[in-house]
Structure formats: structure tokens, C-alpha cells
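For reference, the chains in residue letters:
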Amino acid sequence: MNKKETGVPDFVLLSEVSEKALMENLVERYKGDCIYTYIGDVVISVNPFKKLDIYNNADINAYRGRYKYELNPHIYALANDAYRSMLQSQSNQCIIISGESGAGKTEASKIIMQFITAVSKSSGDVDKVKSQLLESNPVLEAFGNAKTLRNDNSSRFGKYMEMQFNSAGTPVGGRITNYLLEKSRVVSRAVGERSFHIFYQMLSGLPSPKLKELKLTQTPADYFYLKHSDCFSVPSINDEKDFKQVQKAMTILGLTELDQESIWR
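Residues numbered from 1 in each chain as written. Predicted model: local features only at pLDDT ≥ 70, side-chain atom pairs only at ≥ 80, totals over all residues. Heavy atoms only, no water.

Peer 1: Give me the packing of helix 4 (residues 105-119) against helix 5 (residues 124-144): which residues, what numbers.
Peer 2: Orientation of helix 4 relative to helix 5, taken along the N-to-C sense of each, is 165°, at an axis distance of 9 Å. Between helix 4 and helix 5, the interaxial angle falls into the category roughly antiparallel. Crossing of helix 4 against helix 5: the hand is left-handed. Of the residues in helix 5, those touching helix 4 at Thr106, Lys110, Met113, Gln114 and Thr117 are Lys130, Leu133, Leu134, Ser136, Asn137 and Glu141. Each residue belonging to the contact of helix 4 with helix 5 can be placed in one class, and the counts come to three nonpolar, five polar and three charged. (Axes fitted to C-alpha atoms, helices over the stretch in contact; angles between N-to-C directions. Helix = DSSP H or I, 4+ residues; strand = E, 2+ residues; numbered from the N terminus. Parallel < 35°, antiparallel > 145°, perpendicular 65-115°, else oblique. Left-handed = near helix turned anticlockwise from the far one by under 90°. Contact = heavy atoms within 4.5 Å. Nonpolar A, V, L, I, M, F, W, Y, C, P; charged D, E, K, R; others polar.)

Written out as C-alpha cells, the structure is:
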């Protein structure tokens, strides 16, 4: 939770400011599974490409209400600072997440939402709003993410996610604005890439009678728009399991069975 870390936790503390010193510090910290490093108020994150046990309830409670430099660098500290500033100043806050494909932007946004929904106040209606905010992610990823040559879960669109709070810091709603969806991926993509996840999830997750009713088969290679990139499954992705998560998310978001049926058609 707050283990001894390698390297320098904040680049402003480096004795030498140069590209070489910056990269050496990042590499040293990365080798020690220290994927977060500060540079003032900015958090630099390096994708570890493996699961790290640094996002559990104990970690959330450790960073809740604490100031950034009290603990090791973490994206939870950034989220906590933004939430505290919003409450103290009663003004809007914005966290910008940027990076190249595969850097971990999608995961970072989910982690921030996870932290803020965990530390904010709860009640029956509020918990429903929190669930809807968190469950928007599986649906967005299913219809907007795809496997590319560089990233198994690449977002093929830009998004602005807005969490709305009352003056007490309680979540009351949210809004997601999507930009520049890569629609051409439906009909064309590079060999070794996939179309949007939802097509493969649906074929893997729908029961055979439903597929037959929709005049579909379970084999992606049977479809012209899916077969020409010659990539149908991904070792790191379980399409059947993910489809169940999408169905659950849609239900939490208020989509009825009839609504979902019309989507599959």
C-alpha cells in the first residue's frame, strides 16, 4: 500500500534535469513496479502490462482524504486532490488523461471513477447513480473499443466524461460525450486487427436459439466484414464473459430486454 519505492517519486526532486535522467528514473521505477511518478501536479503513468495489487479497498481507504505527498505516487492521489478541490472551492474540476495507444488511458479513467464513487457519500438513490456511472464503461468499450496491432483494448474514439455532484459532493448524474468514432473499422481494418468488440461478444455470448432466431452463426469467419482481417479471438479477451458484463451493464443503465433485443437486431 505504501511500500518503499525505487527511484525518485517526483521529477522536480531530480538533481539533474535532462531527458537521460528522466528516462533513467522512469525505467528504475518501472522495474520496481512503481508505475506512477509525479512531476509537480502531473501524474506520469507507465503501463505495466500486468495486474498490480494497488487498486483494492485498502488502497482507496489509504488515499482517501490524504494529501498527495503523504503517500507514494498514485492516480488515487490525483483523484482525491480533484475531489477535495471541488468540495473546498465549490467549483468544477477537470482531469485530462492523454497518451499514445496502449498507454492505459481507458484504464486510468475507470480507476479515477472507481475511487471517486468509493469515497463520495452514499444512499439508495446515490448508489444507483454510482452504479450507472461505473457500468457505462463496459458498454462504451464494447461498442467503441477494438483489438489493434498495438493494443488489445484500444479506444477507437475520444470521450469527455462528466461526473455531476451536488454541493455536498454526492454524485447526482453524469454525461459522456463521444468524438470521432472510427466508423470505418466496421468495414475495413488491418490484417491482425478486429472490428469493435461487440460483434465478437454477441456471437460468443448469445445462446444458440437466439442466434438462430437472428439468422446468425457463432463463427466470425462466416461474415464478410469480420473475416478479411483474419483475427477472431484474442488471448487476453473472453468475449463470452464480456458480453454477460455488457448485458448486466445495459440493465443497470435502464435498458429493458426489449431495448437490448432491438440492439442485437
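Next, the rest of the story.
Peer 1: Describe the pairing of strand 2 (residues 42-45), with residues and values.
Peer 2: As defined by bridge partners, strand 1 (residues 36-39) adjoins strand 2 across four bridges and the pair is classed as antiparallel. Its bridge partner lying in strand 2, Tyr38 is registered against Val43. Between strand 1 and strand 2, which pair antiparallel one after the other, the connecting turn spans two residues, and Gly40 there sits at a positive phi close to 70°. (Pairing = 2+ DSSP bridges.)

Peer 1: Which residues make up the side chain of Thr117, and what values go with them?
Peer 2: Within the secondary structure, Thr117 sits in helix 4. We classify Thr117 as buried; its relative accessible area is 5%. A polar contact is formed between the side chain of Thr117 and the backbone oxygen of Met113, at a distance of 2.8 Å. In this structure the side chain of Thr117 is engaged in a polar contact, spanning 3.0 Å, whose partner is the backbone oxygen of Gln114. (Buried < 20%, exposed > 50% of the residue type's maximum accessible area, 1.4 Å probe, protein only. Polar contact = N/O pair within 3.5 Å; in protein donor to acceptor, adjacent residues only side chain to side chain.)

Peer 1: Outline the nonpolar core, supporting the account with residue identities and numerical values.
Peer 2: With 22 residues, the main nonpolar core has Tyr36, Tyr63, Ile75, Tyr76, Tyr83, Phe115 and Ile116 as its most contacted residues. Where this core is concerned, the elements lending two or more residues are strand 1, helix 2 (57-63), helix 3 (75-89) and helix 4. For Phe115, the contacting residues outside a window of four places in its chain are Ile60, Tyr63, Arg64, Tyr76, Ala79 and Asn80. In terms of nonpolar packing, the next biggest core, distinct from the first, is built from 17 residues, Phe196, Leu203, Val246 and Trp264 among them. (Core = buried A, V, L, I, M, F, W, Y, C linked by side-chain atoms within 4.5 Å.)

Peer 1: Tell me about the environment of Gly40, residues and numbers included.
Peer 2: Mapping Gly40 onto the fold places it in the loop between strand 1 and strand 2. Separated by 30 residues in sequence, Gly40 and Asp10 have C-alpha atoms that sit 7.0 Å apart. Residue contacts for Gly40: discarding those within four places in its chain leaves Asp10, Val12, Lys68 and Tyr69.

Peer 1: Would you mind going over helix 4 in detail, with residue names and values included?
Peer 2: In a regular helix each residue adds 1.5 Å, so 15 residues correspond to 21 Å; helix 4 covers 22 Å between its end C-alpha atoms and thus fits that length. Within the sequence span of helix 4, burial applies to Thr106, Ala108, Ser109, Ile111, Ile112, Met113, Phe115, Ile116, Thr117 and Val119. (Expected span 1.5 Å × (residues − 1).)

Peer 1: I'd like to hear about the packing of helix 5 against helix 6 (residues 197-205), residue by residue, with values.
Peer 2: The axes of two packed helices give the description: the angle between them and the distance between them. Contact geometry for helix 5 and helix 6: axes closest at 5 Å, N-to-C directions at 105°. Here helix 6 runs roughly perpendicular to helix 5, going by the angle between their axes. Two secondary-structure elements touch here, helix 5 through Glu141, Ala142 and Phe143 and helix 6 through His197, Ile198 and Gln201. Along the lines of polarity and charge, the residues of the contact of helix 5 with helix 6 split into three nonpolar, two polar and one charged.

Peer 1: I'd like a description of the pattern of salt bridges, backed by residues and values.
Peer 2: Evaluation of the coordinates by the stated rule reveals 18 salt bridges. Salt-bridge contacts for Lys20 lead to Glu24; the nearest nitrogen and oxygen are separated by 2.6 Å. A residue pair is termed a helical-turn pair when its members lie 3 or 4 positions apart in one helix, as Lys20 and Glu24 do in helix 1 (residues 19-31) at four residues. Residues participating in the shared-partner salt-bridge network are Arg156, Glu182, Arg185 and Glu193. (Salt bridge = Lys/Arg side-chain N within 4 Å of Asp/Glu carboxyl O.)

Peer 1: Can you explain unusual backbone geometry? Please cite residues and give values.
Peer 2: Here Asp33, not a glycine, exhibits a phi torsion of approximately 60°, which is positive. Phi is positive for Leu180, which is not a glycine, with a value near 50°. Counting through the fold element by element, Leu180 comes out in the loop between strand 6 (171-179) and helix 6. By relative accessible area, which is 80% here, Leu180 ends up exposed.

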